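# Coordinate analysis (summary)
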Amino acid sequence: MSILIVEDNSINAKLLELALKAKGYQTLLAANGVEALTTLSAHDGVELIITDYMMPEMNGLEFIAKVRQQPACNNIPILVASAYSDLETVRHAIQLGCAGFLVKPIDKTQLVERVAHLLKNVPVVLRDKSQIMSKLDIELGEYDDLVRMFAAQLDDVLPMVVLAQGGSDEAIPQNLSRQLKELAESADLLGGEKFARLYSSYRENRRLTGADCRAIVSALQELGIALAARVKPLPSSGSEAA
């Protein structure tokens, strides 16, 4: 989990970085909005963005608008940090989907509290088994069977998504689109929130394309690791005989 700090003043950026790292958060730094967009393209694990308002190249609100145009980044919470906190600026930031406004000089306690609150609402890769068992009203053995089926379903789809990824805006094959839809339904049922929400953000207004598949591959690989740790192997025939 990483927090992207977008700040042209290196001292302000360092102070934010120190405050967040002291609480165990990983950080990425960008000096302006253009650099930050490049950083977002190169790192799929950004969970929160803190951006300055007044910056060269593009201001913080212009940067937020660019981020919100990218489906893979559409759900990342964004905090604006600025000495400018007039009502019109704050209103514009909220209209763009900003999650909050921090007034400089930033209070360290307030910063940490806001970050912790926002990250609580970030979708997890895979929900705790007890939560899913309670939601579906199933026993542990039934949960294990469902997770094993889910993992097999993911293993079938992932290689096809890897082959489909690229820079093309052409829609992916209809068969793959159908399988991803089914996988997203399974993820929604079994607590694979991060992939399910990413898929939903892409499919909201259009069909998936090869260009979309890069972020989907990353989300599926992350989900696959979580499922591998959760799946219990079936007992061998020798164990059953004993």
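On a predicted model such as this, the values are computed, not experimentally measured, just so you know.

Another point: helix H9 (residues 193-203). The set of residues buried in H9 consists of Lys 194, Phe 195, Ala 196, Leu 198, Tyr 199, Ser 201 and Tyr 202. Here the buried face of H9 lies against strand S3 (46-52), helix H8 (174-190) and helix H10 (213-230).

Moving on: the sheet that holds strand S4 (residues 78-82). The strand order S2-S1-S3-S4-S5 describes an open sheet built from 5 strands, whose pairing is parallel. Each having just a single partner strand, strand S2 (26-30) and strand S5 (100-103) make up the two edges of the open sheet. Put simply, the sheet's adjacent strands are angled 20° from each other on average, direction ignored. By the bridge criterion, 5 bridges tie strand S1 (residues 2-6) to S2 in an arrangement that is parallel. Bridge assignment links Leu 4 to a residue of S2, and that residue is Leu 28. Packed on one face of the sheet, helix H3 (residues 60-68) meets S1, S3 and S4 and runs near 155° to S3.

Right, let's talk about a nonpolar patch on the surface for a bit. Nonpolar side chains collect at one region of the surface, where Ile 11, Leu 15 and Leu 18 lie side by side and expose about 320 Å² of accessible area between them. Looking at the element boundaries, Leu 15 is found in helix H1 (residues 10-21). By relative accessible area, which is 54% here, Leu 15 ends up exposed.

In this structure, Val 161, Leu 180, Phe 195, Ile 216, Leu 220 and Leu 227 are the most contacted members of the largest nonpolar core, which totals 33 residues. Elements supplying a minimum of two residues to this core: helix H6 (129-136), helix H7 (140-164), H8, H9 and H10. Ignoring sequence-local partners within four residues, the contact set of Leu 180 consists of Val 157, Val 161, Ile 172, Phe 195, Tyr 199, Leu 208, Ile 216 and Leu 220. Core analysis: the second largest hydrophobic core is formed by 23 residues, Val 6, Leu 37, Ile 49 and Ile 78 among them.

Between H7 and H8, the least distance of the axes is 10 Å, while the angle of their chain directions is 145°. Note on packing geometry: the crossing formed by H7 with H8 is left-handed. When H7 is examined against H8, the residues Leu 146, Phe 150, Gln 153, Leu 154, Val 157, Met 160, Val 161 and Ala 164 are found in contact with a partner set consisting of Leu 176, Gln 179, Leu 180, Glu 182, Leu 183, Ser 186, Ala 187 and Leu 190. Tallied by class, the residues present in the contact of H7 with H8 amount to 12 nonpolar, 3 polar and 1 charged.

Basis of the calculations
Residues numbered from 1 in each chain as written. Predicted model: local features only at pLDDT ≥ 70, side-chain atom pairs only at ≥ 80, totals over all residues. Heavy atoms only, no water. Buried < 20%, exposed > 50% of the residue type's maximum accessible area, 1.4 Å probe, protein only. Helix = DSSP H or I, 4+ residues; strand = E, 2+ residues; numbered from the N terminus. Contact = heavy atoms within 4.5 Å. Pairing = 2+ DSSP bridges. Axes fitted to C-alpha atoms, helices over the stretch in contact; angles between N-to-C directions. Patch = residues over 30% accessible without salt bridge, like charges linked within 9 Å, V, L, I, M, F, W, Y side chains within 5 Å. Areas by Shrake-Rupley, 256 points an atom, 1.4 Å probe, with all protein chains shown as cover. Salt bridge = Lys/Arg side-chain N within 4 Å of Asp/Glu carboxyl O. Core = buried A, V, L, I, M, F, W, Y, C linked by side-chain atoms within 4.5 Å. Left-handed = near helix turned anticlockwise from the far one by under 90°. Nonpolar A, V, L, I, M, F, W, Y, C, P; charged D, E, K, R; others polar.

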